[in-house]
Amino acid sequence: MEIVNYEKNEMVKEKTAVALGNFDGLHIGHQKLIKTMVSKGREKKLKSSVLLFKTHTKSIIRGNKRPKLLTSNNQKISLLESIGVEMIYSMNFNKDIMQLSPRQFVEDILVDKLNVKLVVVGFNYRFGHKAQGDSACLKKLGKEFGFEVIVVEPVYGEELIISSTLIRELLSEGNIEKANKFLGRPYEMEGEVVEGNKRGKGLGFPTANIKLDKGYLVPKFGVYKSITIVDGKKYLSLTNVGKNPTFNDDDVSVESYILNFNNNIYGKKISVKFIDFIREEIKFNTREELIAQMLKDVDNIKRI
Ligand SMILES: Cc1cc2nc3c(=O)[nH]c(=O)nc-3n(C[C@H](O)[C@H](O)[C@H](O)COP(=O)(O)O)c2cc1C
Ligand SMILES: Nc1ncnc2c1ncn2[C@@H]1O[C@H](COP(=O)(O)OP(=O)(O)O)[C@@H](O)[C@H]1O
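Since the structure is predicted, the reported quantities are computational estimates derived from the model, not experimental observations.

A.B. asks: Looking at this model, I keep getting lost on a nonpolar patch on the surface. Mind explaining?
C.D. replies: Together, Phe123, Tyr156 and Ile161 line one region of the surface with nonpolar side chains, adding up to about 290 Å² of accessible area. Mapping Tyr156 onto the fold places it in strand 7 (residues 156-157).

A.B. asks: In this structure, what is going on with the domain arrangement of the chain? I would like to understand it.
C.D. replies: Each assigned domain of the chain is listed with its residue range as follows: domain 1 (2-157) and domain 2 (188-303). A separation of 36 Å is found between the C-alpha centroids of domain 1 and domain 2. Contacts between the two partners involve eight residues from domain 1 and, on the opposite side, seven residues from domain 2. Scanning the region where domain 1 abuts domain 2 turns up five residue pairs in polar contact (both at pLDDT 80 or more). When its residues are assigned to classes, the side of domain 1 that touches domain 2 shows three nonpolar, four polar and one charged.

A.B. asks: Mind showing me how you'd approach the site of ligand 2 here?
C.D. replies: The local shell around ligand 2 holds 19 residues, among which Gly196, Lys198, Ile258, Ile265 and Tyr266 are the closest. At 3.1 Å from an oxygen atom of ligand 2 is found a main-chain nitrogen or oxygen belonging to Asn197. Notes on ligand 2: free accessible area 560 Å², of which the protein chains cover 98%. For the shell around ligand 2, the secondary structure elements donating two or more residues are helix 9 (200-203), strand 10 (208-210) and strand 13 (253-258).

A.B. asks: Can you walk me through the sheet that holds strand 5 (residues 116-122) in this structure?
C.D. replies: Strand-to-strand pairing in sheets goes through backbone hydrogen bonds, with the strands running parallel or antiparallel. Ordered in space as 1-4-3-2-5-6, the six strands form an open sheet in which the pairing is parallel. Since the sheet does not close on itself, it has two edges, and those belong to strand 1 (2-5) and strand 6 (148-152), each with one partner. Averaged over all pairs of adjacent strands, the angle between their axes in this sheet comes to 25°, without regard to strand direction. One ladder, built from four bridges, connects strand 2 (residues 16-20) with strand 5; its direction is parallel.

Conventions adopted
Residues numbered from 1 in each chain as written. Chains lettered and ligands numbered in written order. Predicted model: local features only at pLDDT ≥ 70, side-chain atom pairs only at ≥ 80, totals over all residues. Heavy atoms only, no water. Patch = residues over 30% accessible without salt bridge, like charges linked within 9 Å, V, L, I, M, F, W, Y side chains within 5 Å. Areas by Shrake-Rupley, 256 points an atom, 1.4 Å probe, with all protein chains shown as cover. Salt bridge = Lys/Arg side-chain N within 4 Å of Asp/Glu carboxyl O. Helix = DSSP H or I, 4+ residues; strand = E, 2+ residues; numbered from the N terminus. Domains from an automatic or database assignment. Contact = heavy atoms within 4.5 Å. Polar contact = N/O pair within 3.5 Å; in protein donor to acceptor, adjacent residues only side chain to side chain. Nonpolar A, V, L, I, M, F, W, Y, C, P; charged D, E, K, R; others polar. Near = heavy atom within 4 Å. Pairing = 2+ DSSP bridges. Axes fitted to C-alpha atoms, helices over the stretch in contact; angles between N-to-C directions.

Following this line, the structure appears as structure tokens:
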């Protein structure tokens, strides 16, 4: 996968097919759009590419109301690679870019830098200063500058339009099953293993605590069946998300107890795939009650 940087003033020589959007979550709607771009691009002998802003466009525009992210740039890049995308055109979304009119964006970026011959966007795509441009405007500019525009219709799941917002809501409600169905894969959080409160081993349940980045979406507090990936190997695990009410912790933690595992993994980068919501977090009166419940949780995930 080739990564080309706008900031380095890099220009693309080959003719390209480009998909445009934030693509946070890269859910099955996004996947359909990207696949359309890749296959139509191949037909026309164009280099398949995605223009990615390093930050979500709404995170700059909305300040504090920024949406919590479902995918990191690295996750997006590896998912895009697996769909067959050949190039990422990477840009910072800053005040200068934000102020480009739809016409300037098309001329300065898509035509001059990216050499586009095909642009694929979703049905509700907006672009340019104050989101003035829509797909009809893009089509008009395409005629003028000589590129084709394909607008991809929405993908539905259970009569709802699948969107990143819908998936954020499902994860916040603990509806991991539906969120995973719409993502087309399990929801995944990755991070470095950091030290926790050093209680886990004493309870008989050591947990690898992931260093959390505040920008990412944390699913509903509770206990999940999960798959934890350490050094490329998959392990069955139980992941607790929340504030450990039994111990009145202040901070939110995401921590995995990995079954049949006994290694020191502090400092390693691990990834947790959420498979099933098991139960809510409980405030127990004693450590013993918590331990008894964790033993039941282990039994539980071995059965489902
Ligand atoms: C399977 C599992 C279930 C858990 N359920 C609860 C719970 O219901 N209530 C709670 O207060 N903490 C729960 N925890 C979190 C523990 O309190 C936490 O892992 C323990 O205090 C160790 O924290 P530490 O890693 O910061 O040392 C659970 C942890 C695991 C692994
Ligand atoms: N089965 C296991 N699951 C998770 N972590 C384990 C396991 N076995 C050993 N470890 C190690 O133990 C650490 C967790 O121990 P714990 O007592 O819970 O301390 P902390 O509060 O620092 O998380 C993990 O970060 C990891 O390095």
